[in-house]
Amino acid sequence: KNTRRLFAFMTYGYARVSSRDQNLDRQLNTLIGYGISEKNIFCDKKSGKDFERKNYTRLLHKLKKDDLLVVKELDRLGRNYTEIIDEWSKIVNKIGADIVVLDMPLLDTRATPCSLVGKFISDIVLQVLSFVAENERQNIKQRQAEGIAAAKLKGVKFGRPKTVYSDEFYSSLEKY
């Protein structure tokens, strides 16, 4: 029989933001409020376009059978439709751990209904939300490209400004 316990051996949390200047506090407060020890929360400040993230990889190495992974929102796990589905399957089926997505109670593998209909509904919800996450990433990239193009039309220069040296600098350089 493949029955799962209603409790996990170890509970881990994962939080992610896309860039260094973004704040993890909202996710961390939720995970700690859920009862996860700070030492068991793994965080990355990196894009969700793929799963090449240092602390996510460390988390995967720690996860064992019957452990529990908790994320606040599915898109914190990632924003690539195919990779989210693959990672979910790897964690649940290969590692044998459970996953809980706090803002979507249907995405709790500990409570997967035994019926085929219940599993079907959970799979559909996961696929729809994964699609939405990747679609949002594509929309963000599109808006960013449009913003850059509009700024360039207004004459905004991107990149590092050209260094301009004074005559005094050149004079000192020649003397040197």
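Heads up: the structure comes first, above all this text.
Rules used throughout
- All residue numbers refer to position in the chain's written sequence, counted from 1.
- For this predicted model, a pLDDT threshold of at least 70 governs which residues receive local features, and a threshold of 80 or more governs which side-chain atom pairs are given and counted, while totals over whole chains, interfaces and linings are taken from all residues.
- Calculated side-chain values reflect all of the structure's heavy atoms, with hydrogen atoms and water omitted.
- Helix and strand assignments come from DSSP, with helices taken as H or I runs of at least 4 residues and strands as E runs of at least 2, each series counted from the N terminus.
- Exposed residues in this analysis have more than 50% of their type's maximum accessible area, buried residues have under 20%, and partly exposed residues fall in between, with area computed by a 1.4 Å probe over protein chains only.
- Any two residues whose heavy atoms approach within 4.5 Å at even a single point are treated as in contact.
- Accessibility throughout is a Shrake-Rupley quantity obtained with a 1.4 Å probe, and a residue counts as covered only by protein chains that appear here.
- Salt bridge, as used here, is a side-chain nitrogen of Lys or Arg placed within 4 Å of a carboxyl oxygen of Asp or Glu.
- Given a helix with a known number of residues, its expected span is that number minus one, times 1.5 Å.
- Any Phe, Tyr or Trp ring, taking Trp's six-membered ring, that has another such ring centre within 6.5 Å forms a pair; planes under 30 degrees apart are called stacked, those over 60 apart edge-to-face, and the others tilted.
- Any Lys NZ or Arg CZ that is within 6 Å of a ring centre and within 35 degrees of that ring's normal is treated as a charge sitting over the ring.
- At least two DSSP bridges between two strands are needed for those strands to be called paired.
- Cavity means a closed set of points on a 1 Å grid over the protein atoms alone, one where a 1.4 Å probe fits but cannot get out, pocket means an open set with protein on both sides within 12 Å along at least 5 of 7 lines, and lining means a residue has an atom within 4 Å of a point.
- Grid points are joined across faces, edges and corners, and a volume is the space filled by probe spheres set on the points.
- The nonpolar core is taken to be a set of buried Ala, Val, Leu, Ile, Met, Phe, Trp, Tyr and Cys residues, with the residues joined through side-chain atoms within 4.5 Å.
- Like-charged residues are merged into a patch within 9 Å and nonpolar side chains (Val, Leu, Ile, Met, Phe, Trp, Tyr) within 5 Å, provided each residue has over 30% relative accessible area and no salt bridge.
- The charge count includes Lys and Arg as positive and Asp and Glu as negative, but it does not include His or the ends of the chains.
- Note on charges: their place is set at NZ of Lys, CZ of Arg, CG of Asp or CD of Glu.

Draft legend 1. Broad picture of the overall build of the chain. Within the chain, the regular secondary structure consists of 6 helices and 4 strands. Start at the N end of the chain and walk to the C end: the helices and strands fall as β-α-β-α-β-α-α-β-α-α. Relative to its 176 residues, the chain shows a buried fraction of 32%. For the chain, the share of sequence-separated contacts (at least 6 apart) that also reach a separation of at least 24 residues comes to 68%. Accessible surface, the chain: about 12,000 Å² in total, of which carbon and sulfur atoms supply 55%.

Draft legend 2. View of the pattern of salt bridges. Under the counting rule described, the total for this entry stands at 6 salt bridges. Across the pair Glu73 and Arg76 runs a salt bridge whose closest N-O atoms are separated by 3.8 Å. Between Arg110 and Asp108 there is a salt bridge whose closest N-O contact spans 2.8 Å. Of the residues examined, Arg110 reaches a relative accessible area of 24% and is grouped as partly exposed. Look at the salt bridges and you will find they share partners, linking Arg26, Lys72, Glu73 and Arg76 into a network.

Draft legend 3. Structural detail: helix H4 (residues 81-95). Under the 1.5 Å per step criterion, the end-to-end length of H4 is 20 Å for 15 residues, consistent within 8% with the ideal 21 Å. Within the sequence span of H4, burial applies to Ile84, Glu87, Trp88, Ile91 and Val92. Gly96 lies just past H4 and shows a positive phi near 90°.

Draft legend 4. Highlighting the packing of aromatic side chains. Tallied over the entire structure, the rule returns 6 aromatic pairs. An aromatic cluster of three or more residues is present, and its members are Tyr14, Phe51 and Tyr56. Above the ring of Phe51, the side-chain terminus of Arg53 is found at 4.7 Å from the ring centroid. Geometry around Tyr56 places Arg53 over its ring, the cationic atom sitting 5.5 Å from the centre.

Draft legend 5. Here's a closer look at the pairing of strand E3 (residues 68-71). Both faces of E3 are covered, namely the face carrying Leu68 and Val70 and the face carrying Leu69 and Val71. In this structure, strand E1 (residues 11-17) lies alongside E3, joined through 4 bridges in parallel fashion. Residue pairing in the sheet places Gly13 in a bridge with Val70 of E3. Relative to strand E4 (residues 98-101), E3 runs parallel, the two being bridged by 4 bridges.

Draft legend 6. View of the layout of surface pockets. Within this model, the second largest pocket holds a volume of roughly 230 Å³. Ser18, Gln22, Ser47, Gly48, Lys49, Arg76, Arg79, Arg137, Ile140, Lys141 and Gln144 are the residues that line the second largest pocket. The dominant element in the lining of the second largest pocket, judged by the number of residues it contributes, is helix H5 (residues 116-153), at 4 residues.

Draft legend 7. Molecular detail of the nonpolar core. With 21 residues, the main nonpolar core has Tyr14, Tyr56, Leu59, Leu63 and Ile91 as its most contacted residues. Elements represented by at least two residues in this core include exactly E1, helix H2 (54-62), E3, helix H3 (74-77), H4 and E4. Ranked by residues supplied to this core, first place goes to H4 with 4 residues. Apart from residues no more than four positions distant in its own chain, Leu59 is found in contact with Tyr12, Tyr14, Phe42 and Leu69.

Draft legend 8. Local environment of the side chain of Lys72. Inspection of the secondary structure puts Lys72 in the loop between E3 and H3. The contacts of Lys72, once residues within four sequence positions are left out, are Arg26, Gln27, Thr30, Leu31, Val101, Leu102 and Asp103.

Draft legend 9. Representation of the environment of Arg79 in the model. Looking at the secondary structure, you find Arg79 in the loop between H3 and H4. In the structure, Arg79 is positioned 28 residues away from Phe51 in sequence and 9.3 Å away in space, judged by C-alpha atoms.

Draft legend 10. How the structure looks around a positive patch on the surface. On the surface, Lys39, Lys54, Arg58, Lys62 and Lys64 cluster together to form a positively charged patch. Note on placement: Lys54 falls in helix H2.

By themselves, these are just geometric observations and shouldn't be taken as functional.
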